[in-house]
Amino acid sequence: MTRELKVSLKMMKYGNNIKSNIGCGALFFLLGIVFVVRGGMETGGIVLGSTYIFLSVMMIKQIAYSLHFVGLVASSPRKKIIEIYMLDVLDFISGMICYVILLMMVWIQNQFAVEQNVQCGNALVFAGLEGGLILVYQAASIKSFLLSSVGYVMGFCIILMNMDRVIFSISPTGGAVTGFLFVLLGVVLAGVLRRLIYRKPLSRYAVGQDLRKQV
């Protein structure tokens, strides 16, 4: 299986709009850093920063998702590995990397704002929840773009409305661990969802105009 995954990852070079997706991913990542830094240790800054950092990797993973529409992949015996197992691995790796990067930035800032420890832990919980939500959203959007987009927006609004109302008495370490668990939960739910909707037709709205005619 490991060898099959390595071969599948190499097939990403056949993906669509590689340069534009990487460019958008880099832009989102920089915006995430800006939100975290400019927001200081406030919950809003950390959660919005988390959103853009996870969205940056989502743009990179769009290259892998575009393989769903490549004829070479559709007829490949590795089709299921590419569309399920490879994306499971990418979700886990990207989710962990995104959250670790966020933790590193928050930890550096926290050295200069010790009095905001409780708020920091609270923000990390919601940041992890947001990251997990994005992972689930991307898994669903390739098959049901409109419905999953509505669900994501509703979830995002609920997080925004409650992140300053619901205060967890939790340390930064506890918040980081809880946030990690939410990200892992997102990875698991995305994997389960991917398997449940595997046989559903692809959504025409989940791709660019140049690929839409193939759906």
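In this convention, every chain numbers its residues from 1, walking through the sequence in written order. Given that the model is predicted, a residue must reach a pLDDT of at least 70 before its local features are reported, and side-chain atom pairs must reach 80 or more before they are shown or counted; all residues, however, enter totals for whole chains, interfaces and linings. In computing side-chain properties, one takes all heavy atoms of the structure into account and sets aside hydrogens as well as water.

Peer 1: If you had to explain the overall build of the protein to someone new, which residues and values would you point to?
Peer 2: If you tally the helices and strands in the protein, you get 9 helices and 0 strands. Residues classed as buried in the protein amount to 48% of the 215 residues present. Note on contacts: a residue pair is in contact if any heavy atoms of the two residues lie within 4.5 Å. Taking all contacts inside the protein whose residues are at least 6 apart in sequence as the whole, residues at least 24 apart take part in 84%. Where accessible areas are quoted, they stem from the Shrake-Rupley method and a 1.4 Å probe; at the residue level, only the protein chains shown are allowed to cover. As presented, the protein carries roughly 11000 Å² of accessible surface, and 69% of it is formed by carbon and sulfur atoms. Put simply, DSSP marks the helices as runs of H or I at least four residues long and the strands as runs of E at least two long, and each gets a number from the N terminus on. The buried label goes to any residue with under 20% of its type's maximum accessible area, the exposed label to any with over 50%, and the partly exposed label to all in between, with areas taken from a 1.4 Å probe on protein chains only.

Peer 1: For the packing of helix 2 (residues 18-38) against helix 3 (residues 43-65), give the residues involved together with the corresponding values.
Peer 2: For helices, the axis comes from a line fit to the C-alpha atoms of the stretch in contact; other axes are also lines fit to C-alpha atoms, and the angle between any two N-to-C directions lies between 0 and 180 degrees. Close contact between helix 2 and helix 3 brings their axes to 7 Å; oriented N to C, the two are set at 170°. With respect to their mutual orientation, helix 2 and helix 3 come out roughly antiparallel. When helix 2 is examined against helix 3, the residues I18, N21, I22, C24, G25, F28, F29, L31, G32, F35 and V36 are found in contact with a partner set consisting of G45, I46, L48, G49, Y52, I53, L55, S56, M59, I60, Q62 and I63. Here the nonpolar group is Ala, Val, Leu, Ile, Met, Phe, Trp, Tyr, Cys and Pro; Asp, Glu, Lys and Arg are the charged ones; every other residue, Gly included, is treated as polar. Class assignment for the residues of the contact of helix 2 with helix 3 results in 16 nonpolar, 7 polar and no charged. Every angle not falling under 35 degrees, over 145, or within 65 to 115 is termed oblique; those three ranges are roughly parallel, roughly antiparallel and roughly perpendicular.

Peer 1: Describe the nonpolar core, listing the residues and the values that go with them.
Peer 2: Working definition of a nonpolar core: buried Ala, Val, Leu, Ile, Met, Phe, Trp, Tyr and Cys residues. They are joined through side-chain atoms within 4.5 Å. Of all hydrophobic cores here, the largest spans 26 residues; its most connected members are I46, Y99, L102 and L124. Elements supplying a minimum of two residues to this core: helix 3, helix 5 (79-110), helix 6 (117-141), helix 7 (145-162) and helix 8 (172-196). Within the second largest apolar cluster, 9 residues are counted, among which are I82, M86, I142 and A190.

Peer 1: A description of the packing of aromatic side chains should follow, citing residues and the corresponding values.
Peer 2: Between 30 and 60 degrees the pair is tilted, below 30 it is stacked and above 60 it is edge-to-face, where a pair is any two Phe, Tyr or Trp rings, Trp via its six-membered ring, whose centres lie within 6.5 Å. Using the criterion set out here, one finds 5 aromatic pairs in the structure. An angle of 50° between the planes, with centres 5.8 Å apart, marks the rings of F28 and Y52 as tilted. Of this pair, F28 sits in helix 2 while Y52 sits in helix 3, placing them 24 residues apart in sequence. A relative accessible area of 23% means that F28 is categorised as partly exposed. Measuring from ring centre to ring centre gives 6.0 Å for Y152 and F156, while their planes differ by 15°; the resulting arrangement is stacked. One end of the pair is Y152 and the other is F156, both in helix 7 and 4 residues apart, which spans about a single turn. Both residues of the pair, Y152 and F156, count as buried. What links up through ring pairs into an aromatic cluster is the set F28, F35 and Y52.

Peer 1: Which residues make up the pattern of salt bridges, and what values go with them?
Peer 2: Think of a salt bridge as a Lys or Arg side-chain nitrogen and an Asp or Glu carboxyl oxygen that are within 4 Å of each other. Under the defined criterion, the tally for this structure stands at 3 salt bridges. Note that R194 is salt-bridged to D88, the shortest N-O span being 2.6 Å. Of this pair, R194 sits in helix 8 while D88 sits in helix 5, placing them 106 residues apart in sequence. As far as the burial class goes, R194 and D88 line up, both buried. Residue classification places D88 among the buried residues on the basis of a relative accessible area of 17%. Connected through shared salt-bridge partners, D88, D91, R194 and R195 make up one network.

The values reported here are purely geometric and, on their own, carry no functional implication.
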